[in-house]
Amino acid sequence: MLNIKNLVVNYGAIEALRGVSLEVKAGEIVSIIGGNGAGKSTLMKAISGLEVAKSGSVQWQGQGITEIPSHQRVALGISQSPEGRQVFPDQTVEDNLLLGAFLRPARDPEVAKDLEKQYEIFPRLRERMNQQAGTLSGGEQQMLAISRSLMSRPKLLLLDEPSLGLAPLIVKEIFAVIRRVRDEGITILLVEQMANQALKVSDRAYVLKNGVMVTSGSAKDIANDPAVREAYLGKH
């Protein structure tokens, strides 16, 4: 579904990604783990078109998309729930969700059905549908960010640090939704600092360090790799 080869992304003179390659197959949950500054969010932005690649290629279902803008990638089926939520704070919860469907026809009756589905997945969003998004708790904003990204009906969902700053009970709820989304046929590429949690729900994983992919494999193999455990998972 997604094939990245030798991707290089620079911030000025700083090489944030140095020849990164990965692939994601339809129906998988694939995790990218690594420390702060490893380049995880840069990689996600390069996939969604928010960062420009200096070199290398991004292929989506056999089509080269390295040069096309981000809104066209959404239309192709790639949607991102960004790090830090980034909801529209002065818009209501429902308006945020409808903005997630902005590329779909305005009178598409399926939009209302998808809106109802998001309220079923996250009942708290229904309770706060007319509330400004900026007044929500961090956990509620994360729910909104994920639901907003699902409103475009993506084939591939990019989740960037969905558990960041959240209470344990909310994290558990978010990871349950990640499993549900995959079970409904949406492929997921997950960046997550809670590496143990990420590997539990993933099929495969990549480890990114200082802009370079240092290892990859099945989630089980990565979780049992002594070097990975010591660096990212804890020795015990």
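Treat the numbers as computed from the prediction; the structure is a model and nothing was measured. (Residues numbered from 1 in each chain as written. Predicted model: local features only at pLDDT ≥ 70, side-chain atom pairs only at ≥ 80, totals over all residues. Heavy atoms only, no water.)

Student: Sorry, what's going on with the overall build of the protein here?
Tutor: On a plain count of helices and strands, the protein comes out with ten helices and ten strands. For 236 residues, the compact-globule estimate of 2.2 N^0.38 gives 18 Å, and the C-alpha radius of gyration of the protein, at 17 Å, lies within 12% of that figure. Looking at the 236 residues of the protein, the share that counts as buried comes to 47%. When contacts within the protein are restricted to residue pairs at least 6 apart in sequence, those whose partners lie at least 24 apart make up 66%. Taken as a whole, the protein presents about 11100 Å² of accessible surface, with 50% of it coming from carbon and sulfur. (Helix = DSSP H or I, 4+ residues; strand = E, 2+ residues; numbered from the N terminus. Rg over C-alpha atoms; globule rule 2.2 N^0.38 Å. Buried < 20%, exposed > 50% of the residue type's maximum accessible area, 1.4 Å probe, protein only. Contact = heavy atoms within 4.5 Å. Areas by Shrake-Rupley, 256 points an atom, 1.4 Å probe, with all protein chains shown as cover.)

Student: Can you walk me through the pairing of strand 4 (residues 55-60) in this structure?
Tutor: Consecutive side chains of a regular strand alternate in pointing toward one face of the sheet and then the other. In terms of strand pairing, strand 1 (residues 2-11) meets strand 4 through five bridges, oriented antiparallel. Of the residues in strand 4, the one forming a bridge with Ile4 is Val58. Bridge count for strand 4 against strand 5 (residues 63-64) is two bridges, and the pairing is antiparallel. Bridge pairing links Trp60 to Gln63 in strand 5. Counting the residues that bridge the hairpin from strand 4 to strand 5 gives two residues, and of these Gln61 lies at a positive phi of roughly 50°. (Pairing = 2+ DSSP bridges.)

Student: Just checking my understanding: could you explain the environment of Gln142 for this structure?
Tutor: Along the polypeptide, Gln142 turns up in helix 6 (residues 138-150). Under the relative-accessibility criterion, Gln142 is labelled buried at 1%. A sequence separation of 21 residues divides Gln142 from Ser163, and the C-alpha atoms of the two residues are 8.1 Å apart. Once you skip the residues sitting within four places of it in the chain, Gln142 turns out to touch Ser81, Arg85, Glu161, Pro162, Leu166 and Ile174.

Student: Sorry, what's going on with the packing of helix 6 against helix 7 (residues 168-183) here?
Tutor: Any two packed helices are characterised by how steeply their axes cross, that is the angle between the axes, and by the distance between the axes. It is at 10 Å that the axes of helix 6 and helix 7 come closest, and there the two elements cross at 10°. When the axis of helix 6 is compared with that of helix 7, the two are roughly parallel. Contact residues: Gly139, Gln142, Met143, Ile146 and Leu150 in helix 6; Ile170, Glu173, Ile174 and Val181 in helix 7. Looking at side-chain class alone, the contact of helix 6 with helix 7 contains six nonpolar, two polar and one charged residues. (Axes fitted to C-alpha atoms, helices over the stretch in contact; angles between N-to-C directions. Parallel < 35°, antiparallel > 145°, perpendicular 65-115°, else oblique. Nonpolar A, V, L, I, M, F, W, Y, C, P; charged D, E, K, R; others polar.)

Student: I would appreciate a short explanation of the sheet that holds strand 1 in the present structure.
Tutor: The pairing of strands in a sheet happens through backbone hydrogen bonds and is either parallel or antiparallel. Strand order in the open sheet formed by four strands is 2-1-4-5, and the pairing between neighbours is antiparallel. Here the strands that pair on one side only, and so sit at the sheet edges, are strand 2 (14-24) and strand 5. Where strand 1 lies against strand 2, eight bridges are found, and the strand directions are antiparallel. Residue pairing in the sheet places Leu2 in a bridge with Val24 of strand 2.

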